[in-house]
Amino acid sequence: QLIMFMTGADGSGKTKEINAVMAYAKGFCKELNYMFDKRMIVVTALTGVAATLINGETTHSAAKLNYKNITSEHIDEWQKARLLIIDEISFASSDILIKLNTKLQALKEKDGSKYGKIHIIFTGDFSQLEPVTGYPLYYETNFAMWHDWVNCFIELTGQHRFRTDPSFGAIMKRVHGGCPTVGDIATLNSRVLNGNHPEAPTTQDLPSDMSYAVYRNADKSAINNGIFAEHIKKTHSTSSSISPPLHTIVIRSECV
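**Q** So what exactly am I meant to see when it comes to the overall build of the chain here?
**A** Regarding its fold elements, the chain presents 9 helices and 6 strands. Here the chain holds 256 residues, and 32% of them are scored as buried. Residue pairs in contact within the chain that sit at least 24 positions apart in sequence constitute 64% of those at least 6 positions apart. For the chain, the exposed area adds up to about 17300 Å²; of that, 54% sits on carbon and sulfur atoms. Within the chain, one finds 26 positive and 26 negative side-chain charges whose respective centroids are separated by 5 Å.

Rendered as structure tokens:
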């Protein structure tokens, strides 16, 4: 049974490797004239955004982590599963792995085995975000499910995402290693939006497709609400006598 941890800095190619595994599996089955089933390799991530980026689903949903009981329908879903990929493992606490182990034993009907004897690839970077609750997996040094059960380790060292901006990639590598220079910090500060830096871009300079990085879900929701409100202003009339455009879906809800 393979229990792998694949890590690497941001932009090192972890997502590309996941896609490569899927492509190889499909090609292998094709050469054998064997029908590839999408549930043979269950691709998941511990956050919804990360799951979307790898064309997968959340680990909690796929492995039924929040379900009280495992049904026969759930077991049927996992009947052909041979490999489980879990991205953004830095978000996991020991409680999540304990629950994952229990659920996979039930889903694969392999009581007492490690993760129901299914092969697992954990991917992620512990230098990035930590669990919302609890401690990172490496924090509990006596947690055997992480420190002893993992039997394969791969670290990616490439910088594919920064191939068109190697200087910024070098900065990110030093930041990842915990040794940024004074010049690195100054460069990063110069890119702060609406910051107190002379060369920081102004609101008028911001691109329309800009992405935002925020710490709290409340901030994310506020930004999404603001973007949606601007969209409504551009596409909908404020006059009650004018019907909404045909592409509009109206959802009415009440706060309780």
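This is not the end of the story, as more comes after the structure.
**Q** I'm lost on the sheet that holds strand β3 (residues 57-58) in this one. Help?
**A** The strands that make up a sheet pair up through hydrogen bonds in the backbone, lying either parallel or antiparallel. Read from one edge to the other, the open sheet built from 6 strands follows the order β3-β2-β4-β5-β1-β6, with strand pairing classed as parallel. Each of the sheet's edge strands pairs with one partner strand only, and the pair in question is β3 and β6 (152-156). The pairing of strand β2 (residues 41-45) with β3 spans 2 bridges and is classified as parallel. Each residue of the ladder has a partner; that of Thr44, found in β3, is Glu57.

**Q** How should I be thinking about the pattern of salt bridges in this particular structure?
**A** A side chain of one charge can pair with a side chain of the opposite charge when the charged atoms of the two come close. For the structure shown, the criterion picks out 6 salt bridges. Across the pair Asp10 and Arg161 runs a salt bridge whose closest N-O atoms are separated by 2.5 Å. With Asp10 in the loop between β1 (3-8) and α1 (14-31) and Arg161 in the loop between β6 and α7 (166-176), the pair connects residues that are 151 residues apart, well separated along the chain. The partner of Asp184 in a salt bridge is Arg174, with the nearest N and O atoms 2.7 Å apart.

**Q** Got a minute to help me understand the packing of aromatic side chains in this structure?
**A** In total, this model carries 11 aromatic pairs according to the counting rule given. Between Phe5 and Trp146, the ring centres sit 5.0 Å apart and the planes meet at 65°, which makes this aromatic pair edge-to-face. Of this pair, Phe5 sits in strand β1 while Trp146 sits in helix α6 (residues 144-147), and the two are 141 residues apart along the sequence. Of the residues examined, Phe5 reaches a relative accessible area of 9% and is grouped as buried. Judged by its relative accessible area of 8%, Trp146 falls in the buried class. Ring geometry for Phe126 against Tyr138: centres 5.2 Å apart, planes inclined by 85°, an arrangement best described as edge-to-face. Of this pair, Phe126 sits in the loop between β5 (119-124) and α6 while Tyr138 sits in the loop between β5 and α6; the two residues are 12 residues apart in sequence, bridging distant segments of the chain. Joined through ring pairs, the aromatic side chains of Phe5, Tyr115, Phe122, Phe126, Tyr138, Trp146, Trp149 and Phe153 make up one cluster. Directly above the ring of Trp78 sits Arg39, whose terminal nitrogen or CZ lies 5.6 Å from the centroid. A cation sits over an aromatic face here: Lys64 above Tyr67, 5.5 Å from the ring centre.

Quick notes on the rules
- Sequence positions are assigned chain by chain, starting from 1 and proceeding in written order.
- Totals for whole chains, interfaces and linings use every residue, but because this is a predicted model, local features are given only for residues with pLDDT of at least 70 and side-chain atom pairs only at 80 or more, for both listing and counting.
- Only hydrogens and water are set aside when side-chain values are computed; all heavy atoms of the structure are taken into account.
- Secondary structure elements are defined from DSSP: runs of H or I of at least 4 residues count as helices, runs of E of at least 2 residues count as strands, and each element is numbered from the N terminus.
- Whether a residue is buried, partly exposed or exposed follows from its accessible area with a 1.4 Å probe, protein chains only, as a fraction of its type maximum: under 20%, in between, or over 50%, in that order.
- Residues count as neighbours in contact if any of their non-hydrogen atoms are within 4.5 Å of one another.
- Using the Shrake-Rupley algorithm and a 1.4 Å probe, accessible areas are obtained, with residue cover drawn only from the displayed protein chains.
- Only four residue types enter the charge count: Lys and Arg as positive, Asp and Glu as negative, with His and the chain ends excluded.
- Positions of charges follow a simple convention, taking NZ of Lys, CZ of Arg, CG of Asp or CD of Glu.
- Should DSSP find at least two bridges between two strands, the strands are regarded as paired.
- Any carboxyl oxygen of Asp or Glu that lies within 4 Å of a side-chain nitrogen of Lys or Arg is treated as forming a salt bridge with it.
- Only centres within 6.5 Å qualify two rings of Phe, Tyr or Trp (six-membered ring in Trp) as a pair; their planes then separate them into stacked at under 30 degrees, edge-to-face at over 60, and tilted for everything else.
- Any Lys NZ or Arg CZ found within 6 Å of a ring centre and within 35 degrees of that ring's normal is scored as a charge over the ring.

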